[in-house]
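Structural overview
For reference, the chains in residue letters:
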Amino acid sequence: MEKHKIKLIVTDIDGTLGPVSTDRINEEYYEVIRELQNRGIIFGGASGRSSYAISRLFEPVKDRMIFLADNGARAVYEGKELFSVPMNLADCRELVRDVRKLPDCQSVWQSCEKTYFEKGDEEIYHIMRDSMHYDCAMVDDLLTLTIPSTKFTIYHPVNAEKIIPEAFWEKWGKDHQLVCAGDNFMDVMDLHANKGTGLKKIQEYFGISREETMAFGDNINDMEMLENAAESYAVGEAREEVKRAARHVAPPMKEDGVLQVLKTLL
């Protein structure tokens, strides 16, 4: 690896920097990120989380970071929105109706600003508000919202991917992105929104090439992002298909594998 060429680093969070739904990361990351920033390298968090929630996790170094949020449907840099890809409002409402038919599933309506939940879905509301520090709002009925969702999440307490029937995949997978984001979350976005296309827009914005980009991930929703970075890493606990998509395998998340790789740049 030609270390001096790296100008942009993006990393997934849940399952990559820490456990899924973690509310903190190893504080040593802040020191390393700050030093990378001082050397002119742009550092970003790429996550299914909202930009608000990502910023809370990286509080000490957030001012110079880029947030590739909502699984690539939105990017924010230094407080400025670079782009967002909202879904059709009618589709968002139909998703609510369809999720209501799935056993034990709950809906998360992520807009550019706030994350909305409806009464009856208190479990995921408390997880995302109290553990993941989302900017949350509880409403009586999600169908009354008039703000399109940039990312719609289906939550299941055990296994979202397994509980969602084939008919749901057939209906929504044709015109939307459906990606697994851990055992409990299935995300639905605009067909053209994913971490890979989001990363490409960021590269174009800064004039940075794929060869000058490093990325880290662990799950299916990271694969397009890894493909758009020449120096791509799957952490040790990553799914096998993600390891195959990455150029390298980093040490496990539990051993702060991303931190170990970042230190080699210094």
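Everything discussed here concerns the structure shown above.
The structure presented is a predicted model; accordingly, all values stated were derived computationally and were not measured.

This part takes up the packing of aromatic side chains. Centre distance and the angle of the planes are the two values used to describe a pair of aromatic rings. On inspection of all chains with the given rule, the structure shows eight aromatic pairs. Between tyrosine 155 and phenylalanine 185 the ring centres are 5.6 Å apart and the planes differ by 50 degrees, which places this aromatic pair in the tilted class. Pair noted here: tyrosine 155 is in strand β9 (residues 151–155) and phenylalanine 185 is in strand β11 (residues 185–190), with a separation of 30 residues, a long-range link. Connected via pairs of aromatic rings, a cluster forms that spans Tyr77, Tyr205 and Phe206. Lysine 201 extends its terminal NZ or CZ atom over the ring of phenylalanine 83, reaching a point 4.5 Å from the ring centre.

Glancing now at the packing of helix α1 (residues 28–38) against helix α10 (residues 257–264). Two packed helices can be described by the angle between their axes and the distance between those axes. For the pair α1 and α10, the least separation of the axes is 10 Å and the interaxial angle reads 30 degrees. Relative to α10, the element α1 lies roughly parallel. Crossing of α1 against α10: the hand is left-handed. Only Val258, Leu259, Leu262 and Lys263 of α10 make contact with α1, whose side of the interface consists of Glu28, Tyr29, Val32 and Leu36.

We now examine the pattern of salt bridges. Following the criterion strictly, the structure yields 22 salt bridges and no others. Between lysine 62 and glutamate 59 there is a salt bridge, with the nearest N and O atoms lying 3.1 Å from each other. Two residues, aspartate 140 and lysine 119, come together in a salt bridge whose shortest N-O distance is 3.0 Å. Taken together, the positions of aspartate 140 in the loop between β8 (136–139) and β9 and lysine 119 in the loop between β7 (115–118) and α4 (122–131) put the pair 21 residues apart, joining distant regions of the chain. Here aspartate 140 matches lysine 119 in class, with each residue exposed. A single network of salt bridges, built from pairs that share partners, joins Glu94, Asp98, Lys101 and Lys171.

What counts, and where the lines are drawn
- Residues numbered from 1 in each chain as written.
- Predicted model: local features only at pLDDT ≥ 70, side-chain atom pairs only at ≥ 80, totals over all residues.
- Heavy atoms only, no water.
- Phe/Tyr/Trp six-rings, centres within 6.5 Å; stacked < 30°, edge-to-face > 60°.
- Helix = DSSP H or I, 4+ residues; strand = E, 2+ residues; numbered from the N terminus.
- Lys NZ or Arg CZ within 6 Å of the ring centre and 35° of its normal.
- Axes fitted to C-alpha atoms, helices over the stretch in contact; angles between N-to-C directions.
- Parallel < 35°, antiparallel > 145°, perpendicular 65-115°, else oblique.
- Left-handed = near helix turned anticlockwise from the far one by under 90°.
- Contact = heavy atoms within 4.5 Å.
- Salt bridge = Lys/Arg side-chain N within 4 Å of Asp/Glu carboxyl O.
- Buried < 20%, exposed > 50% of the residue type's maximum accessible area, 1.4 Å probe, protein only.

Geometric descriptors of this kind do not, in isolation, establish any biological role.
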